[in-house]
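# Commentary on secondary and tertiary structure
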Amino acid sequence: MARYTGPTTKIARKFGEAIYGPDKYFEKRDYAPGQHGPAHKRGKKSTEYGAQLKEKQKVKYMYGVLERQFRNTYEKASRMAGQKGENLIFLLESRLDNLVYRLGIAPTRAAARQLVLHKHITLNGSVCNIPSANVKPGDVIAVRERSKSLEVIQASVASAKRYAWLEFDAKNLTGKYLNVPTREEIPETINEQLIVDLYSK
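Attention here is on the structure that accompanies the text. Quantities reported herein were computed from a predicted structural model and do not represent experimental measurements.

To continue, consider the overall build of the protein chain. From N to C terminus, the protein chain includes 10 helices and five strands. For the protein chain, the share of sequence-separated contacts (at least 6 apart) that also reach a separation of at least 24 residues comes to 56%. Split by element, the accessible area of the protein chain, about 11,300 Å² in all, is 51% carbon and sulfur.

Glancing now at the sheet that holds strand 2 (residues 126–127). Read from one edge to the other, the open sheet built from five strands follows the order 2-1-3-5-4, with strand pairing classed as antiparallel. This sheet does not close on itself; its edge strands, each paired only once, are strand 2 and strand 4 (166–169).

Here the focus is unusual backbone geometry. One non-glycine residue, Lys119, lies in the positive phi region at around 65°. You can see Lys119 is positioned in the loop between helix 8 (109–117) and strand 1 (121–123). Although it is not a glycine, Leu173 adopts a positive phi angle of roughly 55°. Along the polypeptide, Leu173 turns up in the loop between strand 4 and strand 5 (174–177).

Ranked by internal contacts, the top residues of the largest apolar core, which has 25 residues, are Leu96, Val100, Ile105, Ile121 and Ile141. Those elements giving two or more residues to this core turn out to be helix 7 (96–102), helix 8, strand 1, strand 3 (140–143), helix 9 (151–158) and strand 4. It is helix 7 that contributes the most residues to this core, four residues altogether. Beyond its immediate stretch of four places on either side in the chain, Ile121 contacts Leu96, Val100, Ile105, Leu115, Val116, Ser126, Val127, Cys128, Ile141, Ala142, Val143 and Arg144. Among the nonpolar cores identified, the runner-up in size contains 17 residues, and Phe90, Leu91, Val196 and Tyr199 belong to it.

Mapped onto the secondary structure, Leu198 falls in helix 10 (residues 192–199). Measuring from C-alpha to C-alpha, the distance between Leu198 and Gly50 comes to 9.6 Å, with 148 residues separating the pair along the chain. Not counting chain neighbours up to four residues away, the residues in contact with Leu198 comprise Tyr49, Gln52, Leu53 and Lys56.

With respect to the secondary-structure elements, Arg102 resides in helix 7. On the basis of relative accessible area, Arg102 is assigned to the buried category, the value being 1%. Among the polar contacts listed, one links the side chain of Arg102 to the side chain of Glu188, at a separation of 2.7 Å. If sequence neighbours within four positions are ignored, Arg102 has contacts with Tyr63, Glu93, Arg109, Lys161, Tyr163, Trp165, Leu166, Ile186, Pro187 and Glu188.

What follows concerns the environment of Thr182. Inspection of the secondary structure puts Thr182 in the loop between strand 5 and helix 10. Taking relative accessible area as the criterion, Thr182 reaches 38% and is therefore assigned partly exposed. Sequence separation between Thr182 and Phe90 is 92 residues, and the spatial gap between their C-alpha atoms is 8.5 Å.

To continue, consider the packing of helix 6 (residues 84–93) against helix 10. Contact geometry for helix 6 and helix 10: axes closest at 8 Å, N-to-C directions at 110°. Relative to helix 10, the element helix 6 lies roughly perpendicular. In the packing of helix 6 onto helix 10, the handedness of the crossing is right-handed. Between helix 6 and helix 10, the residues in contact are Lys84, Gly85, Glu86, Leu88 and Ile89 and Glu192, Ile195 and Val196, respectively.

Counted by the stated rule, this structure contains three aromatic pairs. Across the ring face of Tyr163, the terminal group of Arg102 is positioned such that the distance to the ring centre comes to 5.0 Å. Here Arg109 stacks its cationic end above the ring of Tyr63, 4.4 Å away from the centre of that ring.

Before going further, it helps to examine the environment of Ile186. Tracing the backbone shows Ile186 in the loop between strand 5 and helix 10. For Ile186, a relative accessible area of 4% corresponds to the buried category. As a C-alpha pair, Ile186 and Phe90 span 96 residues in sequence and 9.2 Å in three-dimensional space. Excluding anything up to four places from it in sequence, Ile186 contacts Tyr63, Ile89, Phe90, Glu93, Arg102 and Pro181.

Cut-offs used in this document
- Residues numbered from 1 in each chain as written.
- Predicted model: local features only at pLDDT ≥ 70, side-chain atom pairs only at ≥ 80, totals over all residues.
- Heavy atoms only, no water.
- Helix = DSSP H or I, 4+ residues; strand = E, 2+ residues; numbered from the N terminus.
- Contact = heavy atoms within 4.5 Å.
- Areas by Shrake-Rupley, 256 points an atom, 1.4 Å probe, with all protein chains shown as cover.
- Pairing = 2+ DSSP bridges.
- Core = buried A, V, L, I, M, F, W, Y, C linked by side-chain atoms within 4.5 Å.
- Buried < 20%, exposed > 50% of the residue type's maximum accessible area, 1.4 Å probe, protein only.
- Polar contact = N/O pair within 3.5 Å; in protein donor to acceptor, adjacent residues only side chain to side chain.
- Axes fitted to C-alpha atoms, helices over the stretch in contact; angles between N-to-C directions.
- Parallel < 35°, antiparallel > 145°, perpendicular 65-115°, else oblique.
- Left-handed = near helix turned anticlockwise from the far one by under 90°.
- Phe/Tyr/Trp six-rings, centres within 6.5 Å; stacked < 30°, edge-to-face > 60°.
- Lys NZ or Arg CZ within 6 Å of the ring centre and 35° of its normal.

Listed below in C-alpha cells is the structure:
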C-alpha cells in the first residue's frame, strides 16, 4: 500500500473530524464524501469491529503511518510496561516527523515528513532523513543552517502552537524534546482502547 497523498479534506470528511488540523473546507461540508455523503450525516449504524477499524485507520492517517509500520509500533508498545494504548500513542508522538510538526517547524505532519526526507533536519547535530526515527527525551532537533531561510519553515514557526513537553528557540530554529507528554496533554481525539481491542482479537 502506498502512502496517501490525496486530498486531506476528503479523509477528514470520511472520519467526521478535522484530523489534519483546522480545515475551512471541512467546516463547510462536515459530512461523508461522495454523492450520498449528506445522507450519512443522519448517522449510520456501525458494528463494534467497524468502530475499532475506523479508529485504527484514523490514527494511521493522522500520523502518516502505513499498516506494517503501525502494526510493528503496536507490537513494540505491547512489550512496554504500562497500558498498550497509551504506549502506542507515546511511540507515535516520539517519531521525528511528528516532533518536527509539534515544534512548529512544519505546518503539517506531511510537510514535516518532507523536510526530514529532504535532509533539512538534524537530530543531535547530525542530519537525519528517517521520518520514523525514534526521538528520546533530551534529544535536540534543529533546522540545518542552509535550510533556515526556507519560506515554509519561517511561515510555520511564526504561527505555531507551543507544547509543554517541548522547548523551542525560534531564533535559532532549535528544539528539545523535554519529556514524554502525558495522555491528557495530547490534543488529538483518539480512543486508543478501540485499537487495542482490535488487535487483541
